[in-house]
Amino acid sequence: MTIQKLSRQSANATTTGRKQRKPSRGATRNRPNHLPQIVLVGLLSIGGLAMVLPFVWMVTTSLSRQSNSAMPRTPTFWPPDPSLFNYEVAATSLPIERFYLNSLIVVGLTTVGYLFCSALTGYAFAKGRFPGKSFFFIAFLSTLLLPFETRMIPLYDLMSTLNWNNTYWALIMPFLAGGFGTFLMRQHISNLPDELIHAARLDGASEFRIFLQLVLPLCKPALAALAIINIIWRWNDLLWPLLVTSERDMYTVTQGLAMAGRSTGIHTGVALATATMAVLPVMIIYVILQRQIIQGIAMSGMKG
Amino acid sequence: MTIPKPSPADARPRVSAGRRAIRTGVFGGFRRTTVWYAFVLPPFALLVLFVCLPTAQTFVEGFYRETGPDQRQFVGLDQFANLGTTGVFWDALINTVLLGVAFLALVIPLAAILSAMLNHVRRGATALKVIYFLPQLTSSVAVALIFLYVFQPDWGLLNGFLHILGIDDVPLWLADPSFGLTGSRAAVTLLAVWSGLGYFILIFLAGIQSIPVELYESAAVDGATPLQIWRHITLPGLRPTIIFLVMTGSFDAMARFGDLWTLGGPSGSPARTLQSIVMLMYQVGFVSHDTNQAAAIAVVFFVIMLVLTVVAYRAFLSREFKARS
């Protein structure tokens, strides 16, 4: 997960820089005939339908009680017997609201901590002057070469030693500091004018106050992009929660869903109702924030 | 945030006065330096504790064998030699590479074509982008769970459509453990393409927009057809984007875990056809509890990722040189 970050960053240094100059070539090119447009949109819509249909099918199947016993050979996109029966079964057999609470706490605290740590080190490496700066910076960068999968077993042992298994600590603490965030924030803060920070120092502000009240507010776009990537990454992670949480009350949404799907004898309708409850809220947030999310991903080249 | 921008004339004396005010003696300068360690050291400590030390420990454990409770013995390269002779390890490695290659071979041409089309759409491009990106944002676990039913041989969505199209000899998808790229492997490859397409299209679109517009203008003057323009200008201009996507796609493919685990469990059923290298690591380390053997797999995994990184750097560096000369 970490190893690809550097190369993603370097690719986008070249792509996004030029993008700014010519934002919309497709729109400015003149094509008088309308037929190709219709054909293009038509073909792309067929592809788009293929993207959406599995989700629609998931929702309609989850709304049908008889999908648990017999499914039609020809797929239908309207439940023959609409009812919330499957949702009631799923909600009583699984503490899905507890999964959501866990995910919100874990992802929220991890993201706040990760943004804070990244901005802190990014500021020090961009504007600070202290002995050993390049050593520390190279140390932060080289952690990008260490994939999470390589360290997960000793990390699990460490969690056991600390008695952190089945606690939020285990899900949060290992993900607070990282090379990628430091690198991204350093790039961004380097572009802030030095005069601004000097002026604040003249006014007698401490470095920490400059960081909190001057630098952080100026970093909002970079912080937003970093937050989006981190939220997607942490929300969707399965491997680490699988290792450190075994009690059902500590499951995240992703882990709870995976465990429900793996449990033997789960009925189709109930499984898809569970999936709908795990997917739909995320989708609604995505549709509301789609511009920021797509921009954040295109800007950093990371998909979380 | 209304700090007046000082004009160059009065900036100079002010800054030097400030410098004097800040560095009041040795102690002031010392404090100005040490404060940065307060910024860097706490995150650095976290990094050492949760990243560096565990990674180092993996490398140590790969060379030991557990001989009893809390007892271990240095065995040199035995663990690695052991890996080389176990079919399960090679199966998982070949599986991971095979699934990765199949995924990239499908998704890159498809995303190249779709992004070229999307780039010409004048109205509704944003909505289409949002739709294509939808599965990417859904967790791989949720996608896998949905597709567990989409791939159901008798009444699943996919075979249902194949029936409508008049195909009666439908594949069994996940229920078919046949070797090669049919059955379960074809199913998880389709799943990966479906869910990864949006990201590839997004990066391709950014790449298309980085191609100099003058090239298109001169091609239009020469009377080139859209297909010719795409073949001779867009495609060569996308070379760096394609290299980038192949490399990052390879990293993700090597680390594939969530969707395959949801569909096949730690052993990658049916018949281990879906076991990736990370799943094997999980199974050996946390189901069979052979920490040292799992550490050896982790070391091999690290070496593969490092080689991929070096190849990626070389590809990017050679590109930079070409751009400069």
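What counts, and where the lines are drawn
- Residues numbered from 1 in each chain as written.
- Chains lettered and ligands numbered in written order.
- Predicted model: local features only at pLDDT ≥ 70, side-chain atom pairs only at ≥ 80, totals over all residues.
- Heavy atoms only, no water.
- UniProt positions renumbered as here; feature names shortened; annotations may be inferred.
- Axes fitted to C-alpha atoms, helices over the stretch in contact; angles between N-to-C directions.
- Helix = DSSP H or I, 4+ residues; strand = E, 2+ residues; numbered from the N terminus.
- Parallel < 35°, antiparallel > 145°, perpendicular 65-115°, else oblique.
- Left-handed = near helix turned anticlockwise from the far one by under 90°.
- Contact = heavy atoms within 4.5 Å.
- Nonpolar A, V, L, I, M, F, W, Y, C, P; charged D, E, K, R; others polar.
- Buried < 20%, exposed > 50% of the residue type's maximum accessible area, 1.4 Å probe, protein only.
- Polar contact = N/O pair within 3.5 Å; in protein donor to acceptor, adjacent residues only side chain to side chain.
- Salt bridge = Lys/Arg side-chain N within 4 Å of Asp/Glu carboxyl O.
- Core = buried A, V, L, I, M, F, W, Y, C linked by side-chain atoms within 4.5 Å.
- pLDDT = per-residue confidence, 0-100.

Chain B is annotated in an unreviewed UniProt entry as ABC transporter permease of Acrocarpospora macrocephala. If you open the UniProt record of chain B and go to Subcellular location (unreviewed entry), you find "Cell membrane". Under Sequence similarities (unreviewed entry), UniProt gives the following word-for-word description of chain B: "Belongs to the binding-protein-dependent transport system permease family."

Going by the annotation in an unreviewed UniProt entry, the name recorded for chain A is Sugar ABC transporter permease, with Acrocarpospora macrocephala given as the source organism. Recorded in UniProt for chain A, the comment headed Subcellular location (unreviewed entry) runs: "Cell membrane". Entered under Sequence similarities (unreviewed entry) in the UniProt record, the comment concerning chain A runs "Belongs to the binding-protein-dependent transport system permease family."

Colleague: Where do I start with the packing of helix α7 (residues 148-161) of chain A against helix α13 (residues 277-287) of chain B in this structure?
Modeller: Packed helices, taken two at a time, are described by their axes: the angle between them and the distance between them. Taken N-terminus to C-terminus, the directions of α7 of chain A and α13 of chain B make an angle of 20 degrees; their axes are 11 Å apart at the nearest point. The angle between α7 of chain A and α13 of chain B places the two elements in the roughly parallel class. The two elements α7 of chain A and α13 of chain B meet at a crossing, and its hand is right-handed. Seen from α7 of chain A, the contacting residues are Glu149, Met152, Ile153 and Tyr156 of chain A; seen from α13 of chain B, they are Val278, Met281, Tyr282 and Phe286 of chain B. Its residues assigned to classes, the contact of α7 of chain A with α13 of chain B comprises seven nonpolar, no polar and one charged.

Colleague: Sorry if this is basic, but what is going on with the UniProt feature "transmembrane region" (unreviewed entry) in chain B here?
Modeller: Residues and elements named next belong to chain B. Per the UniProt annotation, the sites labelled "transmembrane region" (unreviewed entry) are residues 35-56, 92-118, 130-151, 187-208 and 294-316. Spanning residues 130-151, this segment combines 86% helix with 0% strand, and its end C-alpha atoms are found 25 Å apart. In this annotation, residues 294-316 is assigned 100% helix and 0% strand; the end-to-end C-alpha distance for the span is 33 Å.

Colleague: So what exactly am I meant to see when it comes to the environment of Thr55 of chain B here?
Modeller: Following the sequence through the fold, Thr55 of chain B ends up in helix α2 (residues 25-61). Residue class for Thr55 of chain B comes out buried when judged on its relative accessible area of 5%. Between the alpha carbons of Thr55 of chain B and Ala298 of chain B there is a distance of 9.4 Å; along the sequence they are 243 residues apart. Look past the residues within four positions of Thr55 of chain B in its chain and what remains in contact with it is Leu146, Thr150 and Arg151 of chain A. At a separation of 2.6 Å, a polar atom in the side chain of Thr55 of chain B contacts the main-chain carbonyl oxygen of Val51 of chain B.

Colleague: What is the right way to read the pattern of salt bridges from this model?
Modeller: Between side chains of opposite charge, a pair can form when the charged atoms approach closely. Residues and elements named next belong to chain A. Enumeration according to the criterion identifies four salt bridges over all chains in this entry. Two residues, Arg201 and Glu207, come together in a salt bridge whose shortest N-O distance is 2.7 Å. A relative accessible area of 14% means that Arg201 is categorised as buried. Note that Asp237 is salt-bridged to Arg234, the shortest N-O span being 3.0 Å.

Colleague: I would appreciate a short explanation of the nonpolar core in the present structure.
Modeller: If you look at soluble globular proteins, the nonpolar side chains tend to sit buried side by side. Counting 196 residues, the largest nonpolar core has Tyr123 and Trp240 of chain A together with Phe200 and Phe257 of chain B as its most contacted members. Residue contacts for Tyr123 of chain A: discarding those within four places in its chain leaves Gly128, Ile189, Ile197, Arg201, Glu207, Ile210, Phe211 and Val215 of chain A together with Trp36 and Phe39 of chain B.

Colleague: Help me understand the confidence of the model for chain B in this model?
Modeller: Caution applies to low-pLDDT parts of the model: their predicted coordinates are not meant to be read in detail. All names here are of chain B. Per-residue confidence for chain B gives a mean pLDDT of 86, with 88% of residues at or over 70. Per-element averaging of pLDDT across chain B places helix α1 (residues 8-22) at the bottom with 44 and α13 at the top with 95. Scored below 50 in pLDDT, residues 1-25 makes 15 contacts in the model with residues more than four places away or belonging to other chains.

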